[in-house]
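Topology and contacts: notes
Residue-level listing of the chains:
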Amino acid sequence: MTVRLIDMVFPGDANHHGTLFGGVGLAHLDKVAFLAASRHARRSVVTAGCERIDFAAPARIGEMVEAIGRVVRTGRSSLGVEVDLHAESLLSGERRLCTRGVFNMVALRPAGDDHPLAPLDEEGERDDGWLRTAEMVFPGTTNHYGTLFGGEALKLMGKAAFVTATRHARAVMVMAATNRIDFKAPIDGGDMVELISRVKMVGRSALSVEVRLWAERLLTGERRCSAMAEFVMVAVDASGKPEMIKAR
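The paragraphs below set out a description of the structure included in this document.

Calculation notes
- Residues numbered from 1 in each chain as written.
- Predicted model: local features only at pLDDT ≥ 70, side-chain atom pairs only at ≥ 80, totals over all residues.
- Heavy atoms only, no water.
- Helix = DSSP H or I, 4+ residues; strand = E, 2+ residues; numbered from the N terminus.
- Rg over C-alpha atoms; globule rule 2.2 N^0.38 Å.
- Contact = heavy atoms within 4.5 Å.
- Areas by Shrake-Rupley, 256 points an atom, 1.4 Å probe, with all protein chains shown as cover.
- Lys, Arg positive; Asp, Glu negative; His and termini not counted.
- Charge placed at Lys NZ, Arg CZ, Asp CG, Glu CD.
- Buried < 20%, exposed > 50% of the residue type's maximum accessible area, 1.4 Å probe, protein only.
- Expected span 1.5 Å × (residues − 1).

1. Side note on the overall build of the protein chain
Looking only at helices and strands, one finds two helices and 11 strands in the protein chain. Of the regular secondary structure in the protein chain, the N- to C-terminal order runs β-α-β-β-β-β-β-β-α-β-β-β-β. Expected size for 248 residues packed as a compact globule is a radius of gyration near 18 Å; at 19 Å, the protein chain falls within 12% of this value. Contacts in the protein chain between residues far apart in sequence, at least 24 positions, make up 72% of those at least 6 positions apart. Roughly 12,300 Å² of accessible area belongs to the protein chain as shown, and the carbon and sulfur atoms make up 56% of that amount. Distance from the positive charge centre (32 side chains) to the negative charge centre (31 side chains) of the protein chain: 3 Å.

2. Quick word on the side chain of His 40
Looking at the element boundaries, His 40 is found in helix H1 (residues 22-41). The exposure class of His 40 is buried, given its relative accessible area of 16%. When residues no more than four places from it in sequence are discounted, the contact partners of His 40 are Val 71, Thr 74, Leu 79, Ala 118, Pro 119 and Leu 120.

3. Remarks on unusual backbone geometry
The backbone phi angle of Arg 42 is positive, close to 55 degrees, even though this residue is not glycine. Its place among the elements puts Arg 42 in the loop between H1 and strand S2 (45-50). The partly exposed category is assigned to Arg 42, whose relative accessible area is 27%. The residue Arg 170 is not glycine, and still its phi comes out positive at about 50 degrees. As for its placement among the helices and strands, Arg 170 is situated in the loop between helix H2 (150-169) and strand S8 (173-183).

4. Focus: the side chain of Arg 39
Relative to the assigned elements, Arg 39 resides in helix H1. With residues up to four places along the chain from it excluded, the contact list for Arg 39 reads Met 1, Thr 2, Val 3, Met 192, Glu 194, Glu 216, Leu 218 and Arg 223.

5. Focus on H2
The end-to-end C-alpha separation of H2 is 28 Å, in line with the 28 Å expected for 20 residues at 1.5 Å each. Taken residue by residue, H2 has Ala 153, Leu 156, Met 157, Gly 158, Ala 160, Ala 161, Val 163, Thr 164, Ala 165, Thr 166, Arg 167 and Ala 169 as its buried positions. One or two positions beyond H2, positive phi appears at Arg 170, with a value near 50 degrees.

6. A short note on the environment of Val 174
Within the element layout of this structure, Val 174 appears in strand S8. Considered as a pair, Val 174 and Arg 224 are 50 residues apart in the sequence and their alpha carbons are 29 Å apart.

7. A short note on the environment of Met 244
Tracing the backbone shows Met 244 in the segment after strand S11 (223-235). For Met 244, a relative accessible area of 56% gives the class exposed. Separated by 40 residues in the primary sequence, Met 244 and Arg 204 have C-alpha atoms spaced 5.4 Å apart. Each residue touching Met 244, except ones within four places of it in the same chain, is listed here: Arg 204 and Ser 205.

Have a look at this one:
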């Protein structure tokens with residue numbers, strides 16, 4: 001099962017050359033390797049090491065980076081996760097492979113647990129028109145109840161709407177409104193969240209993006225739809241005025 005993590009390259013993540021720090025790129029890859037291994041093993045996993053990591057091309061400020069992880073090898077308690085990091089210019093659609101490697105992960109076994117890891121899943125990726133991106137909920141984004149801040153959930157959904165709209169229109173997009181936001185269930189620290197988004201309607205210069213936020217308990221696989229929203233995004237020109245979305 002493939003896991004994808006999408007982020008934008010902002011100045012705080014870049015070096016003095018205006019490109020993504022290598023350490024930040026490695027952090028993205030380690031996180032997506034952790035999510036892919038945890039989903040496969042349904043156990044607590046840790047990073048044991050990584051094989052050769054090749055940096056083939058830079059990711060620049062303003063570009064989107066997409067980290068992709070898939071389990072390619074399993075042993076008694078170890079997993080090999082192949083990871084790629086791609087950069088994409090959202091306005092042109094040009095993509096390039098920036099980094100590739102294999103992370104070796106170890107699934108921790110409770111005392112007396114001799115169950116083997118699940119075999120590799122040969123099922124291909126789904127392509128149903130939805131953009132899927134995953135994230136991990138860490139303590140710094142939770143409130144005093146141990147659940148994800150509503151504002152953090154909105155930030156994740158807003159980013160998914162921005163990427164989906166910009167990929168569709170290949171234009172500079174800004175958020176104009178939210179038609180609705182429904183919070184349905186809490187998201188606990190340690191959960192994985194998966195954002196699923198798609199363009200719902202396209203107008204002359206605006207489009208609406210539907211975003212669903214799912215929470216998943218990595219040890220059990222239990223999933224729940226935690227939030228739903230619809231964002232209105234507008235294409236603008238260099239002066240900030242609305243411009244027509246080109247037909248695709």
